[in-house]
Amino acid sequence: MVAIIDYNMGNLASVYNALKLIGVEAKIVKNPNDLDKFDKVILPGVGAFKDAMDHLEQTGMKSAVLDFAATNKPLIGICLGMQLLFESSQEFGNSKGLGLIKGEVVAFDKTKMDMDEHKIPHVGWNKLFCKPNKLFENLEDPYLYFVHSYHAVCDDKYVIGTTHYGYDFVSAVQNGNIYGFQPHPEKSHDNGIQILKNFVNI
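Residues numbered from 1 in each chain as written. Predicted model: local features only at pLDDT ≥ 70, side-chain atom pairs only at ≥ 80, totals over all residues. Heavy atoms only, no water.

Asks: Help me get a handle on the nonpolar core, residues and values and all.
Replies: Counting 36 residues, the largest nonpolar core has Leu35, Leu84 and Leu98 as the members making the most contacts within it. Broken down by secondary-structure element, the contributors of at least two residues to this core are β1 (2-5), β3 (40-43), α2 (49-59), α3 (61-69), α4 (80-84), β7 (101-107), β11 (150-153) and β13 (168-175). For this core, the element with the most residues is α3, which contributes 5 residues. By size, the runner-up hydrophobic cluster in this structure holds 32 residues, among which are Val2, Ile4, Leu144 and Ile160. (Core = buried A, V, L, I, M, F, W, Y, C linked by side-chain atoms within 4.5 Å. Buried < 20%, exposed > 50% of the residue type's maximum accessible area, 1.4 Å probe, protein only. Helix = DSSP H or I, 4+ residues; strand = E, 2+ residues; numbered from the N terminus.)

As structure tokens, this is what we get:
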């Protein structure tokens, strides 16, 4: 069974409905003590990095997520959830993340972009250039839906997918059993559903 973490910062219903669509048994989990009962965990997220980390701390979910990650069972962070996996973010100052992947989250660099053609936040459909990975099996022309103003910067050894928006940025990562995915699979139609299906089957 898959747990979808509820820490008051997530797009929970859409993720739950996407899993239901592919016949996956999932549960929205608010009690951190229940997390270890699940086979896989999804950490969704919409909003500001610091607010999200504060909510994880206040709800007790931060420790629960770290404990789950240590079990070697698969965990994926989606959108803001992916950013929380890193050590820190520059959003509204400098905030510490979960530290499950070495790296930081930074704002899009406007000096590298034609601002007549590129708006911040990055909103809409864009292509994922992916490395061979179980998460990306059976994808066809993987355009996915993005909504974000910040992106991760990390060692290439963690990078399993990039996207171009003015310049190439990291849009998917893996560190062992920990996965991160910047676009919204639950809003990305068939390709997004396939990615969720692949995660469940890992």
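Asks: Quick rundown of the packing of helix α1 (residues 12-21) against helix α5 (residues 189-201)? Include the residues and the values.
Replies: Remark: α1 packs on α5, axes separated minimally by 10 Å, with the N-to-C direction vectors making an angle of 75 degrees. As the angle between them shows, α1 and α5 are arranged roughly perpendicular. Listed contacts from α5 to Ala18, Leu19 and Leu21 of α1 are Ile193, Leu196 and Val200. Its residues assigned to classes, the contact of α1 with α5 shows 6 nonpolar, no polar and no charged. (Axes fitted to C-alpha atoms, helices over the stretch in contact; angles between N-to-C directions. Parallel < 35°, antiparallel > 145°, perpendicular 65-115°, else oblique. Contact = heavy atoms within 4.5 Å. Nonpolar A, V, L, I, M, F, W, Y, C, P; charged D, E, K, R; others polar.)

Asks: Tell me about the pairing of β13, residues and numbers included.
Replies: Of the pairings in the sheet, the one linking strand β12 (residues 159-164) to β13 comprises 5 bridges and is antiparallel in character. Paired with threonine 163 across the bridge in β13 is phenylalanine 169. Linkage of β12 to β13, two consecutive antiparallel strands, is achieved through a turn of 3 residues, within which glycine 166 is found at a positive phi near 85 degrees. Two elements, β13 and strand β14 (residues 178-181), share 4 bridges in a ladder whose sense is antiparallel. Across the sheet, the residue bridging to alanine 172 is phenylalanine 181, located in β14. Adjacent in sequence and paired antiparallel, β13 and β14 are bridged by 2 residues, among which glycine 176 carries a positive phi angle near 65 degrees. (Pairing = 2+ DSSP bridges.)

Asks: I'd like to hear about the environment of aspartate 141, residue by residue, with values.
Replies: Position of aspartate 141 among the secondary structure elements: in the loop between β9 (129-130) and β10 (143-148). Each C-alpha atom, one on aspartate 141 and one on glycine 60, is 39 Å from the other, the two residues being 81 residues apart in sequence.

Asks: Summarise unusual backbone geometry; cite the residues concerned and give the values.
Replies: Of note, the bond from isoleucine 120 into proline 121 is cis; its omega dihedral lies within 30 degrees of zero at 10 degrees. Of note, proline 121 is situated in the loop between β7 and β8 (122-127). Positive phi, close to 55 degrees, is recorded for phenylalanine 92, a residue that is not glycine. Residue placement: phenylalanine 92 occurs in the loop between β5 (86-89) and β6 (95-96).

Asks: A description of α3 should follow, citing residues and the corresponding values.
Replies: Among all positions in α3, only Met61, Ala64, Val65, Phe68 and Ala69 are buried. Seen from one end, α3 has its buried residues packed into an arc of 135 degrees, which puts them on one side. Buried positions along α3 lie against β1, β2 (26-29), β3, α2, β4 (75-78) and β14. (Arc of directions from axis to C-beta.)

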